[in-house]
Structure formats: structure tokens, C-alpha cells
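Chain by chain, the residues run as shown.
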Amino acid sequence: MPSYQLRDTTTRQLLARDLADYAAAEAALDRLDDELEHALAANGEGAGRIRLRLDVERVTEGVAESVGHHVLLLGVEDVPGLLPAV
């Protein structure tokens, strides 16, 4: 049975592994985003922009294959009113 894992695209560092399915990988991405935002805020570093690209990999019998990627933008505030009124 396959499992899923998250890997930093640039450094190839494994960030999470043994995730049950793709939905669990997405939940892990959300947790990672929250943890990094919290750490930045705690250190007073929330003003800058950090862009991370993470690969979602499916692991079957020890062989990992990329099945998707996500880009996390840290330190970027959502600004209300940027979208035009409908």
C-alpha cells in the first residue's frame, strides 16, 4: 500500500513521511505552513516574503514518485479589497 511524503524541492530535505493518503499530505502542508508562519512571527520576521516549493511524493515499495507540488508563500498578508467588486 502506498504512502505519501513531503519534500523541499530545492534542498531535497524530507519534511514529512508515512502519510496515509494525498489528503493527509495536504493536511501536513497546512500544518507546516502554520508552524512556519508562527515561527516567523515569534521571531519578528513576518515582514519578509519566503517562497517554498514542496513536492508531494507517493512511495510504493520504497520507490518515491512526485505526484504534485505546492508553493507556500510565507510572510504575505492577504489584503482585502484587491479583487474587484462583482
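Note that the coordinates shown come from a computational prediction; the quantities given were computed from them, not determined experimentally. (Residues numbered from 1 in each chain as written. Predicted model: local features only at pLDDT ≥ 70, side-chain atom pairs only at ≥ 80, totals over all residues. Heavy atoms only, no water.)

### Thoughts on the side chain of Ser3
Using the following cut-off: Secondary structure elements follow DSSP: runs of H or I of four or more residues count as helices, runs of E of two or more count as strands, with numbering from the N terminus. Here's how the labels work: a residue is buried when its accessible area is under 20% of the maximum for its type, exposed when over 50%, partly exposed in between, all with a 1.4 Å probe on protein chains only. Whether two residues are in contact is decided by their heavy atoms, any of which lying within 4.5 Å being enough.
As for its position among the elements, Ser3 is in strand β1 (residues 3-8). Given the relative accessible area of 18%, Ser3 is considered buried. When neighbours within four sequence positions are excluded, Ser3 is seen to be in contact with Asp18, Leu19, Glu57, Arg58 and Val59.

### Quick notes on a negative patch on the surface
For clarity, the cut-off: What makes a patch is a set of residues exposed beyond 30% relative accessible area and free of salt bridges, joined within 9 Å when like-charged and within 5 Å when nonpolar (Val, Leu, Ile, Met, Phe, Trp, Tyr). Using a 1.4 Å probe, accessible areas were evaluated by the Shrake-Rupley method; residue-level cover was limited to the displayed protein chains. For salt bridges, the criterion is a side-chain nitrogen of Lys or Arg within 4 Å of an Asp or Glu carboxyl oxygen. Counted as positive: Lys and Arg. Counted as negative: Asp and Glu, with His and the chain ends omitted from the count. The atom standing in for a charge is NZ when the residue is Lys, CZ when it is Arg, CG when it is Asp and CD when it is Glu.
A contiguous patch of negative charge on the surface is contributed by Glu26, Asp30, Asp34 and Glu35. With respect to the secondary-structure elements, Glu35 resides in helix α1 (residues 22-42). With a relative accessible area of 51%, Glu35 lands in the exposed category.

### Considering the pairing of strand β4 (residues 63-74)
Strand residues, when the strand is regular, have side chains that alternate between the two faces of the sheet. Short version of the rule: At least two DSSP bridges between two strands are needed for those strands to be called paired.
Two strands pair when backbone bridges link them, and strand β3 (residues 50-60) and β4 are joined in this way by 11 bridges, in the antiparallel orientation. Directly across from Val56, in β4, lies its bridge partner Gly68. Linking β3 to β4, which pair antiparallel, is a turn of 2 residues; within it Glu61 sits at a positive phi near 50°.

### Some remarks on the packing of aromatic side chains
Rules: Note on ring pairs: Phe, Tyr and Trp rings are taken, using the six-membered ring of Trp, and paired if centres are within 6.5 Å. Classes follow the plane angle, with under 30 degrees stacked, over 60 edge-to-face and the rest tilted.
Enumeration over the complete set of coordinates arrives at 1 aromatic pair. Relative to Tyr22, the ring of Tyr4 has its centre 6.2 Å away and its plane inclined at 90°; by these criteria the two rings are edge-to-face. Within this pair, whereas Tyr4 is found in strand β1, its partner Tyr22 is found in helix α1, the two being separated by 18 residues in sequence. Residue Tyr4 is classed as buried on the basis of its relative accessible area, which comes to 11%. Judged by relative accessible area, Tyr22 falls into the partly exposed class, the value being 28%.

### A short note on the sheet that holds β1
Spelled out, the test is: Convention adopted: a line fitted to C-alpha atoms gives each axis, helices being fitted over their contacting stretch, and angles between N-to-C directions are expressed from 0 to 180 degrees.
Pairing in this open sheet of 4 strands is antiparallel, and the strands run β2-β1-β3-β4 from one edge to the other. In the strand order of this sheet, the two ends are held by β2 (14-19) and β4, each with one partner. Each strand axis lies, on average, 20° off the axis of its neighbour in the sheet, ignoring direction.

### Some details on the pairing of β1
Burial analysis of β1 places 6 of its 6 residues in the buried class, which makes it a mostly covered element. Side chains Ser3, Gln5 and Arg7 project from β1 onto one buried face, and the interleaved Tyr4, Leu6 and Asp8 project onto a second face that is buried too. Where β1 lies against β3, 6 bridges are found, and the strand directions are antiparallel. Paired with Asp8 across the strands is Leu54, a residue of β3. Here β1 pairs with β2 via 3 bridges, running antiparallel. The residue bridging Tyr4 from the neighbouring strand is Leu19, located in β2. Between β1 and β2, which pair antiparallel and follow one another directly, the connecting turn spans 5 residues, one of which, Arg12, has a positive phi of 70°.

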